[in-house]
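Single-letter residue listing:
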Amino acid sequence: MKYLVVGSGLFGSTFAYEAAKRGHNVTVIEKKSHIGGNIYTKNIDGINVHMYGAHIFHTSMKNIWDYVNQFAEFNNYINSPIANYNGEIYNLPFNMNTFNKLWGVKTPKEAQNKIDEQRKSLNLPTTPTNLEEQALSLAGTDIYNKLIKGYTEKQWGRKASELPSFIIRRLPFRFTYNNNYFNDPYQGIPIGGYTQIIEKMLKSDLISVELNTDFFDYKDKYLNSGYDKIIFTGMIDQFFNYKLGELEYRSLRFETEEMDVDNYQGNAVVNYTDSKTPYTRVIEHKHFEFGSGEDNKTIVTREYPQNWDRTKEPYYPINNKKNRELYKKYVNLANSEAKNVIFGGRLGQYRYYNMDQTIMAALNLVSHEFSN
Ligand code: FAD
Ligand code: UDP
């Protein structure tokens with residue numbers, strides 16, 4: 001078979017690797033000047049810079065952990081972000097260290113009582129219908145106001161009451177002194193960066209990679225070039241020229257600065273949870289690899305959320321009801337009008353996939369595609 005894979009991100013590259021392993025020919029086209037999509041890292045002064053925001057690999061799926069470890073050795077980094085709320089510092093995710101700093105409570109019972117007391121006056125529905133209700137019913141008013149509301153509304157550009165509740169359930173909420181941002185048993189950062197993973201996936205005589213090549217500049221050519229199938233990992237609404245309307249996305253602007261200091265903020269990730277600071281997070285990349293790179297040099301990236309339009313990169317799908325319904329219409333259109341195109345990955349499937357889920361989705365496609 002001859003496959004065209006549009007996009008050299010983790011989804012497209014995993015598929016290409018598995019297809020080539022089975023003897024198929026794959027052409028990968030990528031509109032950017034580099035491979036890897038959002039997981040692309042670049043070595044600057046010995047520091048592996050996460051060019052599209054902090055990427056921490058974490059999973060509860062042992063098979064996916066073993067799979068990704070074929071392509072890189074991982075360190076034992078544990079993500080423990082710090083929240084800065086108008087100069088007050090708190091541990092994340094929400095745990096006994098956070099509660100102690102907020103209220104001076106020392107035991108889980110004292111913390112629980114404090115949260116219950118705050119929730120009591122709120123008259124919340126038994127089943128939360130949006131992110132605000134979900135956060136208040138989990139954590140009470142202080143945590144919501146200091147650590148969630150400002151960050152969330154900056155990040156998504158809309159009120160917390162207009163967002164789906166699952167977004168906040170991504171974060172652990174626990175009554176132990178444990179600052180691990182994730183509950184998953186497997187976690188780490190690939191030593192030497194993420195780009196090597198994609199390089200190894202795409203290194204095959206059966207795979208050719210064309211950079212700086214936008215599918216939409218040659219759409220007719222690609223649709224008529226004799227590929228048996230096209231794996232499309234760009235935006236599904238763009239594929240159909242937005243004919244049913246635009247899906248909504250959230251975009252980001254990354255501002256990266258090199259500094260002549262050894263250690264700027266003492267942690268890899270610091271979240272700014274107030275509503276006035278225009279950025280959500282500051283990443284200091286060297287801490288992902290425990291201080292790698294030259295002495296007296298560090299690189300930090302500030303992450304500014306911004307509205308998406310057709311000139312911007314779509315980083316996050318906005319999975320509210322309206323968009324989910326529109327997305328379903330595009331899936332129906334794809335089933336009737338684009339039978340030899342498979343839509344995959346975070347943009348093709350309009351899903352808030354973490355890296356492990358992206359790999360899993362690609363491997364599911366592989367099993368389906370090569371089952372005979
Ligand atoms: P992408 O990486 O977006 O790849 C799609 C590729 O297709 C891109 O290279 C794009 O340029 C290319 N493309 C698009 N349209 C065209 C076209 N028309 N022609 C040619 N090429 C095209 N996951 C975690 O597990 N842990 C984290 O800590 C984490 N942090 C994240 C932080 C941020 C800021 C973001 C945005 C995501 C984060 N993720 C994280 C999610 C992770 O980035 C994704 O799961 C993964 O990168 C998705 O891979 P993909 O191949 O689906 O998409
Ligand atoms: N969040 C928050 N305060 C924080 C960190 C996260 O309110 O300090 C909320 C916010 O709504 C965010 C969601 O939790 O979008 C999920 O956070 P996560 O860190 O998983 O976001 P991602 O890394 O995917 O951007």
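Residues numbered from 1 in each chain as written. Chains lettered and ligands numbered in written order. Predicted model: local features only at pLDDT ≥ 70, side-chain atom pairs only at ≥ 80, totals over all residues. Heavy atoms only, no water.

A. Structural view of the sheet that holds strand β6 (residues 82–85). Across the sheet, which stays open at both edges, the seven strands sit in the order β7-β6-β12-β13-β14-β11-β15 with mixed pairing between neighbours. Since the sheet does not close on itself, it has two edges, and those belong to β7 (88–91) and β15 (316–317), each with one partner. Note: strand β11 (residues 249–259) against β15, two bridges, orientation antiparallel. Its bridge partner lying in β15, Tyr 249 is registered against Pro 317. Each of β6, β7, β11, β12 (269–272), β13 (281–284), β14 (298–307) and β15 is contacted by helix α5 (residues 131–156), which is oriented at about 105° to β11, the strand it contacts most. (Pairing = 2+ DSSP bridges. Helix = DSSP H or I, 4+ residues; strand = E, 2+ residues; numbered from the N terminus. Contact = heavy atoms within 4.5 Å. Axes fitted to C-alpha atoms, helices over the stretch in contact; angles between N-to-C directions.)

B. Local environment of helix α6 (residues 195–202). In terms of burial, α6 is a largely internal element, six of the eight residues being buried. Turning to α6, its buried residues are Thr 195, Gln 196, Ile 197, Ile 198, Met 201 and Leu 202. Its buried side turned inward, α6 meets α1 (10–21), β2 (25–29), β3 (41–44), α2 (62–69) and β9 (207–210). (Buried < 20%, exposed > 50% of the residue type's maximum accessible area, 1.4 Å probe, protein only.)

C. Molecular detail of the site of ligand 1. Surveying the vicinity of ligand 1 reveals 31 residues, the closest of which are Glu 30, His 55, Ile 56, Tyr 353 and Met 355. Separating an oxygen atom of ligand 1 from a backbone N or O atom of Phe 11 is a distance of 3.0 Å. In the environment of ligand 1, a nitrogen atom lies 2.9 Å from a nitrogen or oxygen atom belonging to the backbone of Ala 54. If you list the elements that add at least two residues to the shell around ligand 1, you get α1, α10 (345–348) and α11 (355–369). (Near = heavy atom within 4 Å. Polar contact = N/O pair within 3.5 Å; in protein donor to acceptor, adjacent residues only side chain to side chain.)

D. Representation of empty space enclosed by the protein within the structure. What the rule picks out here adds up to one cavity of 30 Å³ or more. Taken as a whole, the largest cavity holds about 50 Å³ of empty space. Taken together, Phe 94, Ala 135, Leu 138, Ala 139, Ile 148, Ile 168, Leu 171, Pro 172 and Phe 173 form the lining of the largest cavity. Among the residues making up the lining of the largest cavity, the classes are represented as nine nonpolar, no polar and no charged. (1 Å grid on protein atoms, 1.4 Å probe; cavity = no way out; pocket = protein on both sides within 12 Å on 5 of 7 lines; lining within 4 Å. Points joined across faces, edges and corners; volume = space filled by probe spheres on them. Nonpolar A, V, L, I, M, F, W, Y, C, P; charged D, E, K, R; others polar.)

E. Broad picture of the packing of helix α3 (residues 96–103) against α5. Between α3 and α5, the least distance of the axes is 12 Å, while the angle of their chain directions is 100°. Considering their axes alone, α3 and α5 lie roughly perpendicular with respect to each other. Residues Thr 98, Phe 99, Leu 102 and Trp 103 of α3 touch α5, and the partners they reach there are Asp 142, Ile 143, Lys 146 and Leu 147. Per-class residue counts for the contact of α3 with α5 are five nonpolar, one polar and two charged. (Parallel < 35°, antiparallel > 145°, perpendicular 65-115°, else oblique.)

F. View of the layout of surface pockets. Of the volumes computed, that of the second largest pocket is approximately 220 Å³. Lining the second largest pocket we find Ile 236, Tyr 327, Val 331, Ala 334, Asn 335, Ala 338, Lys 339, Val 341, Ile 342, Phe 343, Gly 348 and Gln 349. Mapped by element, the contributors of at least two residues to the lining of the second largest pocket are α9 (321–337) and β16 (341–343). A breakdown of the residues in the lining of the second largest pocket according to their chemical character gives eight nonpolar, three polar and one charged.

G. Looking closely at the site of ligand 2. Ligand 2 sits among 17 residues. The nearest are Leu 147, Thr 152, Tyr 181, Tyr 316 and Tyr 352. Within the backbone of Leu 147, an N or O atom sits 2.9 Å from a nitrogen atom of ligand 2. Within the side chain of Asn 271, an N or O atom sits 3.0 Å from an oxygen atom of ligand 2. In isolation ligand 2 exposes 520 Å². Once the protein is present, 93% of that is buried. Top element by residues in the shell around ligand 2 is α5. It accounts for six residues. Of the residues contributing to the shell around ligand 2, the split by class is 11 nonpolar, four polar and two charged. (Areas by Shrake-Rupley, 256 points an atom, 1.4 Å probe, with all protein chains shown as cover.)

H. Here's a closer look at the sheet that holds β16. The strand order across the open sheet formed by five strands is β9-β2-β1-β10-β16, and the pairing between neighbours is parallel. The open sheet has two edge strands with one neighbour each: β9 and β16. Neighbour-to-neighbour, the strand axes of this sheet turn through a mean angle of 20°, independent of strand direction. Two strands pair when backbone bridges link them, and strand β1 (residues 2–6) and strand β10 (residues 229–232) are joined in this way by four bridges, in the parallel orientation.

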